[in-house]
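Overview (structure and organization)
Below are the chains, spelled out letter by letter.
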Amino acid sequence: MKNWIKFFTIFLLILSLSIVVIVAWKSYSPFYSSEKDAKQFVIDADKLVTVTDTYVYNGKKPYVTVIGTDKAGKKKAVFVPKDDSKAKLEEVLMEDGTSEKEALYVVSKKDNVKEILHIKLGIEEPGVVWEITYLNQEDKLNYVYILFENGQWWKRILNL
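The following paragraphs examine the structure supplied in this document. For clarity, every value in this text was computed on a predicted model and none was experimentally measured.

**So, the overall build of the chain**
A count of helices and strands for the chain gives 2 helices and 8 strands. When the elements of the chain are put in sequence order from the N terminus, they spell out α-β-β-β-β-α-β-β-β-β. Compactness check: the chain gives a C-alpha radius of gyration of 21 Å against a globular reference of 15 Å for 160 residues, more than 25% above the reference. On the principal axes, the C-alpha backbone points of the chain span a range of 70 × 45 × 25 Å. Residue pairs at least 24 apart in sequence account for 33% of intrachain contacts in the chain once pairs closer than 6 positions are excluded.

Below you can see the structure in the form of structure tokens.
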């Protein structure tokens, strides 16, 4: 009887672990494929030579942000529209605006940041922005948008 209990316990554990892995893999698959397609599109369009980072940015319109270096060796971000394949690719030189570290400094200087969850570069109404998501000291979720152009606050969504 004990062997049957051990068998069913191990069987259910392996089954539940397999289901969790399959669900996680299937849920990340659309992001992975859109990032991979955007990366290849940017390289084929000669916007970048090497790619260091890609991620999906969901603002008013969804974009895939591709960061890398161009032919001149300058670090650049290219924004590939996710839904509209005929839209023009937006791009910025990273040296022409606020860096990631500077944007983090602006946020940490004004707010009680406990943990940074992510920082993403994207496009919104005023132009290119840094989206910084963090937890404050009370473990409340906060979204802050810093303008890439000058490092000023654009929008804040606090204490969710």
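What follows continues from the structure just given.
**Concerning the packing of aromatic side chains**
Scanning the entire structure with this criterion turns up 6 aromatic pairs. Judged by centre distance (6.1 Å) and plane angle (85°), the ring pair of Trp4 and Phe7 falls under edge-to-face. Here Trp4 and its partner Phe7 are both found in helix α1 (residues 2–44), 3 residues apart, which amounts to about one turn of the helix. The structure contains a cluster of three or more aromatic residues connected by ring pairs, namely Trp4, Phe7, Phe8 and Phe11. In this structure, Lys155 packs its charged tip against the face of Tyr145, placed 5.2 Å from the ring centre.

**Some words on the sheet that holds strand β7 (residues 141–147)**
The antiparallel open sheet is built from 4 strands, whose spatial order is β5-β6-β7-β8. Each edge of the open sheet is held by one strand with a lone partner, namely β5 (113–124) and β8 (153–157). Strand-to-strand twist of the sheet, defined as the mean angle between neighbouring strand axes without regard to direction, takes the value 20°. Looking at chain direction, strand β6 (residues 127–136) and β7 are connected through 7 bridges and run antiparallel.

**A short note on the sheet that holds strand β3 (residues 75–81)**
Consider a sheet: its strands pair through backbone hydrogen bonds, and that pairing is either parallel or antiparallel. The 4 strands lie next to each other as β1-β2-β3-β4, forming an open sheet whose pairing is antiparallel. The two strands at the open ends of the sheet, each matched to only one other strand, are β1 (50–58) and β4 (90–93). Shown here is a sheet whose adjacent strand axes are inclined to one another by a mean of 20°, direction ignored. Across the sheet, α1 is in contact with β1, β2 (62–69) and β3; its angle to β1 comes to roughly 130°.

**Side note on the environment of Ser99**
Along the chain, the position of Ser99 falls in the loop between β4 and α2 (100–110). Note on Ser99: relative accessible area 30%, which makes it partly exposed. Spatially, the C-alpha atoms of Ser99 and Glu149 are 9.8 Å apart, while their sequence positions differ by 50 residues.

**Quick word on the pattern of salt bridges**
Considering all chains together, one arrives at 7 salt bridges under this definition. The partner of Lys71 in a salt bridge is Asp46, with the nearest N and O atoms 3.5 Å apart. With Lys71 in the loop between β2 and β3 and Asp46 in the loop between α1 and β1, this residue pair connects regions lying 25 residues apart in the sequence. Taken individually, Lys71 and Asp46 each receive the classification exposed, so the pair is uniform in this respect. Here Glu91 makes a salt bridge to Lys76, at a shortest N to O gap of 3.0 Å.

Here is what the cut-offs are and how they apply
Residues numbered from 1 in each chain as written. Predicted model: local features only at pLDDT ≥ 70, side-chain atom pairs only at ≥ 80, totals over all residues. Heavy atoms only, no water. Helix = DSSP H or I, 4+ residues; strand = E, 2+ residues; numbered from the N terminus. Rg over C-alpha atoms; globule rule 2.2 N^0.38 Å. Contact = heavy atoms within 4.5 Å. Phe/Tyr/Trp six-rings, centres within 6.5 Å; stacked < 30°, edge-to-face > 60°. Lys NZ or Arg CZ within 6 Å of the ring centre and 35° of its normal. Pairing = 2+ DSSP bridges. Axes fitted to C-alpha atoms, helices over the stretch in contact; angles between N-to-C directions. Buried < 20%, exposed > 50% of the residue type's maximum accessible area, 1.4 Å probe, protein only. Salt bridge = Lys/Arg side-chain N within 4 Å of Asp/Glu carboxyl O.

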